[in-house]
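Okay, here's what each chain looks like letter by letter:
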Amino acid sequence: MRIGVLALQGAFREHQKILAECGVESTQIRKNTQLDGISALIIPGGESTTIGKLMNEFELFEPIIKMSEDGLPVLGTCAGLIMLAKEINGSQQARLNLMDISVERNAFGRQVDSFETDLDIPVLGAQPYRAVFIRAPYITGVGGNVQVLAKYEEKIVLARQGRFMAAAFHPELTGDLRLHRYFIENCL
Ligand code: GLN
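Residues numbered from 1 in each chain as written. Predicted model: local features only at pLDDT ≥ 70, side-chain atom pairs only at ≥ 80, totals over all residues. Heavy atoms only, no water.

By the naming in an unreviewed UniProt entry, the protein chain is Pyridoxal 5'-phosphate synthase subunit PdxT, taken from Pelotomaculum isophthalicicum JI. Per its UniProt entry, the protein chain bears the Subunit (unreviewed entry) comment "In the presence of PdxS, forms a dodecamer of heterodimers. Only shows activity in the heterodimer." For the protein chain, the Pathway (unreviewed entry) comment in UniProt is given as "Cofactor biosynthesis; pyridoxal 5'-phosphate biosynthesis." (UniProt positions renumbered as here; feature names shortened; annotations may be inferred.)

In structure tokens, the structure reads:
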């Protein structure tokens, strides 16, 4: 099994490190030919308009959408969550439109650009989950098939829709393997 990590911009190396700790091989995706043979895709945090522009430039939208419709599991974190959304409040920026979620970008406001907190994520077990939020989005609305997996102050910050998972925070930065393991065990 080999998991592709979109490596156009952002925190892709950190995801690869966590995958290695999970004992899973990974590969960096920059060109559409590199998508061949991957078992899942991770879209990292970074800056979603930049990631979208580069995905257009490198002609990655069409093959990723096609593969996702054919069963490819996708995990999006932070900017990656934005890329998965159907609706980005107030923005027409490019996105994959794979999950029936609406998102608000940079949603926690300037005062709290970045913060860390302990989340209760029941599907990951009783132990609190340390989450790092960096200019993070949150999910403002979900369709009927979307499972809400965690909230922070009533705001949805982790959700799953079948093989697709979206986190508003950065699970690759804390060394806690539980979220990646959950994705691998339940979405693949
Ligand atoms: N604020 C970024 C965006 O809107 C996301 C931040 C992140 O990925 N850490 O794309």
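Back to the write-up after that little detour.
Visitor: Explain the pattern of salt bridges here, please?
Guide: A side chain with one charge can pair with a side chain of the opposite charge if their charged atoms come near. For the structure shown, the criterion picks out nine salt bridges. With its nearest N and O atoms 3.2 Å apart, the salt bridge here joins arginine 130 to aspartate 118. Of this pair, arginine 130 sits in strand β8 (residues 129–134) while aspartate 118 sits in strand β7 (residues 114–119), and the two are 12 residues apart along the sequence. On the accessibility criterion, aspartate 118 (45% relative accessible area) is partly exposed. Between aspartate 176 and arginine 178 there is a salt bridge, with the nearest N and O atoms lying 2.9 Å from each other. Accessibility assignment for this pair places aspartate 176 and arginine 178 in one class, buried. One network of salt bridges, with partners in common, ties together Glu116, Asp118 and Arg130. (Salt bridge = Lys/Arg side-chain N within 4 Å of Asp/Glu carboxyl O. Helix = DSSP H or I, 4+ residues; strand = E, 2+ residues; numbered from the N terminus. Buried < 20%, exposed > 50% of the residue type's maximum accessible area, 1.4 Å probe, protein only.)

Visitor: Just to check I follow, could you spell out the UniProt feature "active site" (unreviewed entry) in the protein chain for this structure?
Guide: The UniProt entry lists Cys78, His170 and Glu172 under the feature "active site" (unreviewed entry), expressed in the numbering used here. These residues run over 95 residues, yet every pair of their C-alpha atoms falls within 10.8 Å of each other. The exposure class assigned to cysteine 78 is buried, which follows from its relative accessible area of 3%. By secondary structure assignment, the location of glutamate 172 is in the loop between β12 (164–167) and α5 (178–187). Judged by relative accessible area, which is 5%, glutamate 172 ranks as buried.

Visitor: Would you take a moment to explain the packing of helix α1 (residues 12–21) against α5 for this structure?
Guide: Any two packed helices are characterised by the angle at which their axes cross and by the distance between the axes. The interhelical angle for the contact between α1 and α5, taken along N-to-C directions, is 70°, at an axis separation of 10 Å. The angle between the axes of α1 and α5 places the two elements in the roughly perpendicular class. Seen along the crossing, α1 lies across α5 with a hand that is right-handed. For the pair formed by α1 and α5, the contact residues are His15, Ile18, Leu19 and Glu21 on the first element and His180, Arg181 and Ile184 on the second. Tallied by class, residues from the contact of α1 with α5 come to three nonpolar, two polar and two charged. (Axes fitted to C-alpha atoms, helices over the stretch in contact; angles between N-to-C directions. Parallel < 35°, antiparallel > 145°, perpendicular 65-115°, else oblique. Left-handed = near helix turned anticlockwise from the far one by under 90°. Contact = heavy atoms within 4.5 Å. Nonpolar A, V, L, I, M, F, W, Y, C, P; charged D, E, K, R; others polar.)

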